[in-house]
Amino acid sequence: MIAGVLPVCILGIVAAATLSGQGLGRTPQILSESLAGHDSFEFYCAPCHGRTGRGEGSVAPALKAKPTDLSRLAQRNAGVFPGERVRASVTGTGRPVPAHGTTDMPIWGPIFRAFESDVRVRERVANLVTHIESLQQASSASNDPGAQLFGTYCATCHGISGRGNGPVAEQMRKTPPDLTKYTARNGGAFPIERLRQIIDGHGVAAHGDREMPVWGDAFRSARGGLSPEAVKARIDAIVRYLGAIQERAAE
Ligand code: HEC
Ligand code: HEC
């Protein structure tokens, strides 16, 4: 039977990938004691799927199949996170077991069960699914007011995910920047006040060639005219949304 060999083999690959970059000379750790979803994900999944789940893990280039972008599962499912399908595809119950190892995605149910009790496996998988849900990129179907405002006023240029790939981006002289990297570029802290100012348009040089609309003025002079409080509430909601779609800083 391969059952005894397979887990150790895969865990060896994953542990080696986890350790590379952490310095050599340490005994590879084969199991993650912690049941926290974040820890299990970093240990077992990030080598292939990447820490943010987007599929850019260190082992990914060596695989036949590209690891699925786990941050878009909700987006690709009409805005609803398919929790049960994810659980099934992680444990292996939802997938036909390929006879010839044609999938690069390990079947984790039996691997985990080879090392720990069913109770721990259930909890580990449940926490993993919750963690993957937390990695989902905001989708337009969200009912967060900031997401809706962003979808209405910003996504045409910046793209619904804020990455600068909106439908009119190509026609602009200046490419709309990727708005998901502020936290990463700012030492892990999201610069709330700076973003408020950029969006409001205050403290930003008023060059005539600015392609980015001055949203404070646009909202203030909107049909009916918004009160200063309403303008501030809109901008705050948008800034909160931008905070939520930041890529996590690599540290
Ligand atoms: C050795 C690389 C590798 C590791 C480690 C890995 N995956 Fe995957 N995963 C893949 C690949 C490749 C796919 C794409 C489909 C396939 O080849 O079966 C995939 C697909 C998936 C899918 C299917 C998404 C869908 O469309 O339903 C889920 C969910 C998933 N992985 C979760 C995980 C979780 C959770 C872990 C950690 C416990 C993990 N993966 C570890 C390589 C990996
Ligand atoms: C008509 C296209 C367009 C729309 C709509 C738009 N932007 Fe922009 N945005 C740009 C362009 C182009 C830039 C690049 C800098 C410039 O021209 O001033 C930019 C720059 C920015 C910046 C500064 C990036 C940096 O760090 O340099 C932020 C923040 C921003 N936009 C947020 C928003 C928000 C929030 C909205 C919606 C309320 C929005 N944008 C709507 C085109 C647009």
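No experiment lies behind these values; they were computed from the predicted model shown. (Residues numbered from 1 in each chain as written. Chains lettered and ligands numbered in written order. Predicted model: local features only at pLDDT ≥ 70, side-chain atom pairs only at ≥ 80, totals over all residues.)

Draft legend 1. Quick peek at the overall build of the protein. Along its length, the protein carries eleven helices and zero strands. The secondary structure elements of the protein, listed N-terminal to C-terminal, are α-α-α-α-α-α-α-α-α-α-α. Across the 251 residues in the protein, those meeting the buried criterion constitute 24%. Here the contacts in the protein between residues at least 6 apart in sequence split such that 50% fall between residues at least 24 apart. (Helix = DSSP H or I, 4+ residues; strand = E, 2+ residues; numbered from the N terminus. Buried ≥ 20, exposed ≤ 12 C-beta atoms within 10 Å, placed from the backbone. Contact = placed C-beta atoms within 7 Å.)

Draft legend 2. Fine view of helix 2 (residues 37–49). Taking 1.5 Å per residue, 13 residues should reach 18 Å; helix 2 reaches only 14 Å between its end C-alpha atoms and comes up short. Those residues of helix 2 that sit buried are Gly 37, Ser 40, Phe 41, Tyr 44, Cys 45, Ala 46, Pro 47, Cys 48 and His 49. Note on helix 2: the residue one or two positions beyond its end, Gly 50, has a positive phi of about 85 degrees. (Expected span 1.5 Å × (residues − 1).)

Draft legend 3. A look at the site of ligand 2. Taken together, 19 residues are adjacent to ligand 2, and Tyr 153, Cys 154, Cys 157, Glu 211 and Met 212 come closest. Residues of the shell around ligand 2, tallied by class, amount to 14 nonpolar, two polar and three charged. (Near = placed C-beta within 6 Å. Nonpolar A, V, L, I, M, F, W, Y, C, P; charged D, E, K, R; others polar.)

Draft legend 4. Summary view of helix 6 (residues 145–153). Among the residues of helix 6, Gly 146, Ala 147 and Phe 150 are the ones counted as buried. In a view along the axis of helix 6, the buried residues occupy a sector of 100 degrees, so they form one face of it. Its buried side turned inward, helix 6 meets helix 7 (155–158) and helix 11 (228–244). (Arc of directions from axis to C-beta.)

Take it as geometry only, folks, not as evidence of what the structure does.
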